[in-house]
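Here's the letter readout for the chains.
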Amino acid sequence: MASYWTRKDDESEELRTVKPWEEETSHGKIIFPKRKAMNLLELAQTRYSVRGYKQDAVPEEALQYILDCTRLAPSAVNKQPWHFYICRTEDALSKVRQCYNREWFATAPLVIVCCINHNEEWVRPSDGHTHGIVDISIAAEHICLAATECGLGSCWVCNFDTALCHQLFNLPDNQEPAVLIPLGIPSTEDIPEKTRKPMGDIVTEL
Ligand SMILES: Cc1cc2nc3c(=O)[nH]c(=O)nc-3n(C[C@H](O)[C@H](O)[C@H](O)COP(=O)(O)O)c2cc1C
């Protein structure tokens, strides 16, 4: 049996051809070509902040796959202090677009509002530091990486009017909208080059 670290390409080939792109969607139209899934490095390289989307709807299967990946995200003391709101009706989209008024954002056919549940987040006893923002950030990145795997674009958005978002969606007091994530098929196939600090600037061996 191949070990976790020595998985051979010919074995992984079959394993990696998985849902949702293999199947006809219940909505009829197949949007995603059958393809080999990416490993984490490939996903990290391929994911980028997509700021322009085609109008095609996000297939239900892809959304459910993304949400499955999100639900499995780790959280401090496994508190899972989060709630995710899906905006894809005209009404919900028009509300979320008021909270982040950008032309490109309005092209997304679906937006996930990622909320921290402050009633359930872990608080570190040694210094009282709350961890909801850490937990929601991990979950949000699961959304983005899973979306990339599905061939969908995404973008973290934190620079939005959180108070307006809270009010328009009538969110419970204990919930704080922390991140908006638009999802959809990127309007362009060009992937911008990554600009990142060199390894030597960010890693130190002690
Ligand atoms: C916490 C966080 C908040 C962000 N907020 C916004 C935002 O409000 N609007 C936006 O256009 N991009 C936002 N971004 C996207 C970043 O600008 C982007 O991730 C960064 O420039 C790196 O580019 P890349 O995602 O294409 O690799 C945010 C990213 C993070 C991680």
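Here's a quick rundown of the structure. Just so you know, these numbers come straight off a predicted model, no measurement behind them.

Rules and cut-offs
Residues numbered from 1 in each chain as written. Predicted model: local features only at pLDDT ≥ 70, side-chain atom pairs only at ≥ 80, totals over all residues. Helix = DSSP H or I, 4+ residues; strand = E, 2+ residues; numbered from the N terminus. Buried ≥ 20, exposed ≤ 12 C-beta atoms within 10 Å, placed from the backbone. Contact = placed C-beta atoms within 7 Å. Near = placed C-beta within 6 Å. Nonpolar A, V, L, I, M, F, W, Y, C, P; charged D, E, K, R; others polar. Pairing = 2+ DSSP bridges. Axes fitted to C-alpha atoms, helices over the stretch in contact; angles between N-to-C directions.

## Notes on the overall build of the chain
Turning to step 1, where the next piece is worked out: The helix and strand inventory of the chain stands at 7 helices and 4 strands.
Turning to step 2, where the next piece is worked out: Each helix (α) and strand (β) of the chain, taken in turn from the N terminus, gives the series α-α-α-β-α-β-α-β-α-β-α.
Turning to step 3, where the next piece is worked out: Relative to its 206 residues, the chain shows a buried fraction of 27%.
Turning to step 4, where the next piece is worked out: Sequence-distant contacts, at least 24 apart, represent 78% of the contacts inside the chain between residues at least 6 apart.

## Here we look at the site of the ligand
Turning to step 1, where the next piece is worked out: Taken together, Tyr 48, Ser 49, Cys 155, Trp 156, Val 157, Cys 158, Asn 159 and Lys 194 make up the full set of residues near the ligand.
Turning to step 2, where the next piece is worked out: Residue composition of the shell around the ligand, by class: 5 nonpolar, 2 polar and 1 charged.

## A short note on the sheet that holds strand S3 (residues 153-154)
Turning to step 1, where the next piece is worked out: Taken in spatial order, the 4 strands make up an open sheet running S1-S2-S4-S3, and their pairing is antiparallel. Unpaired on one side and paired on the other, strand S1 (82-87) and S3 mark the two borders of the sheet.
Turning to step 2, where the next piece is worked out: Both S3 and strand S4 (residues 175-184) contribute to a ladder of 2 bridges, which runs antiparallel. Considered in S4, the bridge of Ser 154 is made with Leu 183.
Turning to step 3, where the next piece is worked out: Where helix H5 (residues 132-149) meets the sheet, its contacts fall on S1, strand S2 (110-117), S3 and S4, and the angle it forms with S4 comes to roughly 10°.

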